[in-house]
Amino acid sequence: MSMAPVYVADDGALLDVAEAIAADWAALGVRGSFLARHLGTGEQLGFDVEELMPLASVVKVPLALVVLDRIASGELDPAHPVTVDPAQSSVGPTGLAAFRHPARVAVGDLLLMMLSVSDNAAADTLLDLVRVADVDERLRAWGCGEIRMRHRLNHMYECAAGAAGNDFSLALELALRDERAGRHTIETLDPAYANAGSAAALVELLRRVWCDEVSTPTATSELRRLMGLQVFTHRLAGELRADSLRWSGKTGTFLHLRHEIGVAEAESGDRVAMAALTRADRCAGLAPDVDLAIGAAGREAFEALRR
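Throughout what follows, the structure given in this document is the object of discussion. Since the model is a prediction, treat every value here as computed from it, not as a measurement.

Our focus in this paragraph is the pairing of strand 8 (residues 245-254). The element strand 8 is largely enclosed, with a buried count of 8 among its 10 residues. Here 10 bridges tie strand 8 to strand 9 (residues 257-266), and the two strands are oriented antiparallel to one another. When the bridges of strand 9 are listed, Gly252 appears paired with His259. What sits between strand 8 and strand 9 in their antiparallel hairpin is a turn of 2 residues, with Leu255 showing a positive phi close to 50 degrees.

Set out below in C-alpha cells:
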C-alpha cells in the first residue's frame, strides 16, 4: 500500500507545483522523491525528500569531489596515467567500459569520462586510487553522512547477475517484484547496502559545491565544470535547454531506477539545485515517458522558484 507523499514547500504556490509533479509521476507508475531549491533565496519545493534511495551512477558526483579534493591537496596527480584493461574493468555501455583494448588514461581524464558519459570503468579505476571506504569516510567528515558509498560501480551488475544470470529482463522482474514485497533479492537495490542517499542530502551537497562550502574552491569549481559537460540531457534538463541557461548534472540508471541531480543557472542569476530519484513500476529497459516526466518536473520547479 503506497503512502501519501510528504511535501516540502515554502508557500502555497510552491506546494501546488510539488503536488502536481507527484501526481504526474504517480499517473505513470513512478515513485520516488524530488527536491528543487533556489540557491539564492533558499526557497524549495518537493516531496519525500528524506527517503533513502540506491543512487546508481549519481554516486559518481561525491566520488568525483573526493578525488578532486585529493588532487587539490597534492595527494593525487591529475596527469598520472593509469592503464585500464577491458579484461578486468567494469561493465557498462559507454566510455572505457565499452573499450575492447587496454588504454592508458590520466586521472583527470578518468574524471571527465566518469561524469560526461557515466563511464563505470573510469569510476572503478578511480576507486583503485581512492578506496570506497575512504570516500565514505570523507563524506562523513564533510557532514554529508546521509550520502553513503559502500561498493564499486560494477558490484551493481555482479549482484544483478548473481540473482538473474545475464538475463536483464529477469533482473527487472525481480527488482519490481521485490519492490512490491518490500525486500531485495538484488543487494544493490537495498538502501541499507547500496550506494545510497536522499534528495535532501544530494541537493545540500550541490548547494555546498556551488557555494564553495565543501572541500576547496579548486575542487568544487572543477566539479562544476565537469558536471557541465554531461552528455545526457534527457531528464531534468529535457525542458531546460536554452542559450540563456546552463545545466550541470549527473544521471543514474539501473534496472527500474532513473535518477538525476544537477543545477540550472540562468543569465538572470537564478540558480536552482534539483534532485529527482525515481523507481518505475513496470518492466522496461527504456522509459522515455518517465524521462519526459522528470524533465517536466525540472522545468516546472525552475519556473516556480526563479525570481
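Glancing now at the nonpolar core. Of all hydrophobic cores here, the largest spans 74 residues; its most connected members are Val67, Leu111, Met114 and Leu223. A total of 9 residues in this core trace back to one element, the largest contributor, which is helix 8 (residues 199-210). When residues no more than four places from it in sequence are discounted, the contact partners of Met114 are Lys60, Leu63, Ala64, Asp119, Ala122, Ala123, Leu126 and Lys250. Ranked by size, the runner-up nonpolar core spans 29 residues in total, among them Ala18, Val272, Ala301 and Phe302.

For the rest of this paragraph, the subject is unusual backbone geometry. Even without being a glycine, Ser118 presents a positive backbone phi close to 55 degrees. Relative to the elements of secondary structure, Ser118 occurs in the loop between helix 3 (107-116) and helix 4 (120-129). Note on Ser118: relative accessible area 13%, which makes it buried. Even without a glycine there, the phi angle at Leu255 is positive, about 50 degrees. In this structure, Leu255 sits in the loop between strand 8 and strand 9. On the basis of relative accessible area, Leu255 is assigned to the buried category, the value being 5%.

Secondary-structure assignment places Ala23 in helix 1 (residues 12-27). Spatially, the C-alpha atoms of Ala23 and Pro5 are 9.7 Å apart, while their sequence positions differ by 18 residues.

A contiguous patch of negative charge on the surface is contributed by Asp10, Asp11, Asp16 and Glu19. Positionally, Asp10 belongs in the loop between strand 1 (7-9) and helix 1. Asp10 sits in the partly exposed class, given a relative accessible area of 46%.

Here we take up the pairing of strand 10 (residues 271-280). Burial within strand 10 is extensive, with 9 of its 10 residues counted as buried. Note that strand 2 (residues 30-38) and strand 10 share 9 bridges and pair antiparallel. Bridging across to strand 10, Ser33 finds its partner in Leu277. Note: strand 9 against strand 10, 9 bridges, orientation antiparallel. Pairing of Arg258 across the sheet is with Thr278, part of strand 10. From the end of strand 9 to the start of strand 10, which pair antiparallel, there are 4 residues, and Gly269 there has a positive phi angle of about 105 degrees.

For the rest of this paragraph, the subject is the packing of aromatic side chains. The final tally for this structure, using the stated rule, is 5 aromatic pairs. Summarising the aromatic geometry, the rings of Trp25 and Phe34 are spaced 6.0 Å apart at their centres and angled 80 degrees between planes, so their arrangement reads as edge-to-face. Judged on exposure class, the residue Trp25 and its partner Phe34 are both buried. Between Trp25 and Phe47, the aromatic rings sit 5.4 Å apart at their centres with planes inclined by 80 degrees, giving edge-to-face as the arrangement. Here Phe47 lies in strand 3 (residues 44-47) and Trp25 lies in helix 1, a separation of 22 residues in the sequence. Across this residue pair, the class does not change: Trp25 and Phe47 are buried.

Helix packing for two helices is described by the angle between their axes and how far apart those axes are. Interhelical geometry of helix 2 (residues 60-72) versus helix 4 gives an angle of 45 degrees and a closest axis separation of 11 Å. Viewed along their axes, helix 2 and helix 4 adopt a mutual orientation that is oblique. Crossing geometry of helix 2 relative to helix 4 is assigned as left-handed. For the pair helix 2 and helix 4, contact is made by Lys60, Leu63, Val67 and Arg70 and by Asn120, Ala123, Leu126, Leu127 and Leu129, respectively. Partitioned by chemical class, the residues of the contact of helix 2 with helix 4 number 6 nonpolar, 1 polar and 2 charged.

Quick notes on the rules
Residues numbered from 1 in each chain as written. Predicted model: local features only at pLDDT ≥ 70, side-chain atom pairs only at ≥ 80, totals over all residues. Heavy atoms only, no water. Buried < 20%, exposed > 50% of the residue type's maximum accessible area, 1.4 Å probe, protein only. Helix = DSSP H or I, 4+ residues; strand = E, 2+ residues; numbered from the N terminus. Pairing = 2+ DSSP bridges. Core = buried A, V, L, I, M, F, W, Y, C linked by side-chain atoms within 4.5 Å. Contact = heavy atoms within 4.5 Å. Patch = residues over 30% accessible without salt bridge, like charges linked within 9 Å, V, L, I, M, F, W, Y side chains within 5 Å. Areas by Shrake-Rupley, 256 points an atom, 1.4 Å probe, with all protein chains shown as cover. Salt bridge = Lys/Arg side-chain N within 4 Å of Asp/Glu carboxyl O. Lys, Arg positive; Asp, Glu negative; His and termini not counted. Charge placed at Lys NZ, Arg CZ, Asp CG, Glu CD. Phe/Tyr/Trp six-rings, centres within 6.5 Å; stacked < 30°, edge-to-face > 60°. Axes fitted to C-alpha atoms, helices over the stretch in contact; angles between N-to-C directions. Parallel < 35°, antiparallel > 145°, perpendicular 65-115°, else oblique. Left-handed = near helix turned anticlockwise from the far one by under 90°. Nonpolar A, V, L, I, M, F, W, Y, C, P; charged D, E, K, R; others polar.

Take it as geometry only, folks, not as evidence of what the structure does.
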